[in-house]
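# Overview (structure and organization)
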Amino acid sequence: MFHATWEPRVHALTIALGATGRWNLDMSRSARETLPDYLNLTYYEIWLHGLEKLLIEKGLVTSDELSAGCARLAPVPVGRVLKADQVAALLAKGTPTERASVTPARFKLGQRVRTRRTPAEHHTRLPGYVRGKRGVIERVLGVHVFADSHAQGAGEDPQWLYTVVFDAAELWGSEAKLGHSVSFDAWEPYLEAA
Amino acid sequence: MEEEHSELSNVERRVRALETVMTQKGYIDPAALDVLIDTYQTKVGPRNGARVVARAWVDPAFRERLLRDATAAIAELGYSGRQGEHMIAVANAPGRHNVVVCTLCSCYPWPVLGLPPVWYKSAPYRSRVVRDPRGVLAEFGVTLPASTEIRVWDSTAEVRYLVIPERPTGTEGLSEEALAALVTRDSMIGTGLARAVGES
């Protein structure tokens, strides 16, 4: 799980500072993905740099303070400082993303759909390899916080979520190996009827 | 080597600086960090998932609940929460094998499997298993019959997947605890099979 002793510290810092409530999980993922040197960093370096970036962007710290390893400005108010005796409850509760439905689902089980073709210009959870591909709705997973909106600070914007399954040949064409399928979980705005 | 060593030290210094400034500003309680580190190093791990699988092997009613509503069934054994808020269990069967990945980052069901192994987070696994699962499984030492359909589950949203491996043959007399010892981490990701009796 961890290569070096600093890695579990970064993991713990990420959870503890996330508990301040100044950003959400989707913003964390977005911060990591948009690091300029993403491809040259190890896994937990990405977490570390992403966390520093969020802290600076949200005004909790300055880059000078991080370089110096010493606080120079007064802290800003945060929603919560996680205490040791609150950790177990925080982890047990988690952050469920399912919300009540207010509109009917647009797609039904077994329906053929096509994924959006155009790449998003913001954080998204539609992987490139399934863009513009035809698949079938296999499960309807309820209404969930929409990662694309949530990452941009545009609120939860809950959307219907589906498991969509694709034949390997649809994804990989003639180089597809026989006998496999791939499914992913897609929010409704990723899909259109096929 | 020397450069690699100083590189590591730089990262360590950077983490220490971050931790110091966060503590000075009062944003973190160092004791909470210690609890978090201890939790993920000693308390949460694949033995949790192994207990879920073993229960499913011995208790058909539990297995049915697990396949219908995995979040609730897993919570019956006391496992829930962060990165396992919405669980789905997928069962292997003759002719059907399931394998889990997160191609976008490294989403993984923490309450039942702990934190992901290094290979699960690596770019080669994430990019290749959706394209050539049979080839990737072969590298893990898993060779499936050509007629077996493989399903790759890409964890793109907040749903987390747990594979229920097939129960090994010749285990009819084993206790639930002995069965759990046959359930490896990789068998619950789908890059392995449950151990045979007597296999280490």
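Given the structure is predicted, the values throughout are model-derived calculations rather than measurements. (Residues numbered from 1 in each chain as written. Chains lettered and ligands numbered in written order. Predicted model: local features only at pLDDT ≥ 70, side-chain atom pairs only at ≥ 80, totals over all residues.)

## Side note on the overall build of chain B
- From N to C terminus, chain B includes 11 helices and four strands.
- Taken along the three principal axes of its C-alpha coordinates, chain B extends 55 × 35 × 35 Å.
- Burial analysis of chain B (200 residues in total) assigns 44% to the buried set.
- Across chain B, contacts joining residues at least 24 apart in sequence account for 72% of those joining residues at least 6 apart. (Helix = DSSP H or I, 4+ residues; strand = E, 2+ residues; numbered from the N terminus. Buried ≥ 20, exposed ≤ 12 C-beta atoms within 10 Å, placed from the backbone. Contact = placed C-beta atoms within 7 Å.)

## Brief notes about the overall build of chain A
- Secondary structure summary: chain A contains seven helices and six strands in total.
- Overall, chain A shows an N-to-C arrangement of helices and strands of α-α-α-α-α-β-β-β-α-β-α-β-β.
- Principal-axis analysis of the C-alpha atoms places the extent of chain A at approximately 55 × 40 × 30 Å.
- The burial tally for chain A puts 38% of its 194 residues in the buried class.
- Residue pairs at least 24 apart in sequence account for 59% of intrachain contacts in chain A once pairs closer than 6 positions are excluded.

## Some remarks on the domain arrangement of chain A
All names here are of chain A.
- In terms of domain boundaries, chain A breaks down into domain 1 (6-93) and domain 2 (98-193).
- With six residues of domain 1 at the contact, the number on the domain 2 side is four residues.
- Class assignment for the residues of the side of domain 1 that touches domain 2 results in one nonpolar, two polar and three charged. (Domains from an automatic or database assignment. Nonpolar A, V, L, I, M, F, W, Y, C, P; charged D, E, K, R; others polar.)

## Quick word on the domain arrangement of chain B
- When cut into domains, chain B gives domain 1 (2-42) and domain 2 (45-189).
- Between the C-alpha centres of domain 1 of chain B and domain 2 of chain B there is a distance of 32 Å.

## Observations concerning the nonpolar core
- Of all hydrophobic cores here, the largest spans 101 residues; its most connected members are Leu13, Ala16 and Leu17 of chain A together with Val53 and Leu162 of chain B.
- Filtering out sequence-adjacent residues up to four positions away, Leu162 of chain B remains in contact with Gly49, Val52, Ala70, Met87, Ala89, Pro109, Val112 and Met188 of chain B. (Core = buried A, V, L, I, M, F, W, Y, C linked by C-beta atoms within 7 Å.)

## Description of helix α1 (residues 6-18) of chain A
- The end-to-end C-alpha distance of α1 of chain A, which contains 13 residues, comes to 18 Å, matching closely the 18 Å that a straight helix rising 1.5 Å per residue would cover.
- A large share of α1 of chain A lies buried, amounting to 11 of its 13 residues. (Expected span 1.5 Å × (residues − 1).)

## Overview of the interface of chain A and chain B
- In this assembly, 55 residues from chain A lie in contact with 57 residues from chain B.
- Those elements giving two or more residues to the side of chain A that touches chain B turn out to be α1, α3 (43-57), α4 (63-68), α5 (87-93), β3 (134-144) and β5 (180-187) of chain A.
- No other element matches the 10 residues that α1 of chain A contributes to the side of chain A that touches chain B.
- Tallied by class, residues from the side of chain A that touches chain B come to 33 nonpolar, 11 polar and 11 charged.
- Alignment of β5 of chain A against strand β3 (residues 149-154) of chain B, held across five bridges, turns out to be parallel. (Pairing = 2+ DSSP bridges.)

## Some words on the confidence of the model for chain B
- For chain B, the average pLDDT comes to 95, and 96% of its residues sit at 70 or higher.
- Quick note on the complex model: pTM equals 0.95, ipTM equals 0.95. (pLDDT = per-residue confidence, 0-100.)

## So, helix α3 (residues 46-58) of chain B
All names here are of chain B.
- For α3, spanning 13 residues, the distance from its first C-alpha to its last is 19 Å, which sits close to the expected 18 Å at 1.5 Å a residue.
- Here α3 has its buried residues at Pro46, Asn48, Gly49, Ala50, Arg51, Val52, Val53, Ala54, Ala56 and Trp57.
- Here the buried face of α3 lies against α4 (60-68), α5 (70-76), α6 (110-113), β4 (159-164), α10 (176-180) and α11 (185-189).

## Description of unusual backbone geometry
- With phi around 40 degrees, Asp157 of chain A is a residue other than glycine that occupies positive phi space.
- Take Asp157 of chain A: it is sitting in the loop between α6 (147-151) and β4 (159-167).
- According to the C-beta neighbour criterion, Asp157 of chain A is partly exposed, with 15 such atoms within 10 Å.
- Phi at Gln83 of chain B is positive, roughly 60 degrees, even though this residue is not glycine.
- Summarising the element assignment, Gln83 of chain B is placed in the loop between α5 and β1 (86-91).

## Considering the packing of helix α2 (residues 25-33) of chain A against α3 of chain A
All names here are of chain A.
- Put simply, α2 and α3 touch, their axes get as near as 8 Å, and they point 110 degrees apart. With respect to α3, the element α2 is oriented roughly perpendicular. The chirality of how α2 crosses α3 is right-handed. Contacts from Met27, Ser28, Ala31 and Arg32 in α2 reach Ile46, Trp47, Gly50, Lys53 and Leu54 in α3.
- By residue class, the composition of the contact of α2 with α3 is five nonpolar, two polar and two charged. (Axes fitted to C-alpha atoms, helices over the stretch in contact; angles between N-to-C directions. Parallel < 35°, antiparallel > 145°, perpendicular 65-115°, else oblique. Left-handed = near helix turned anticlockwise from the far one by under 90°.)

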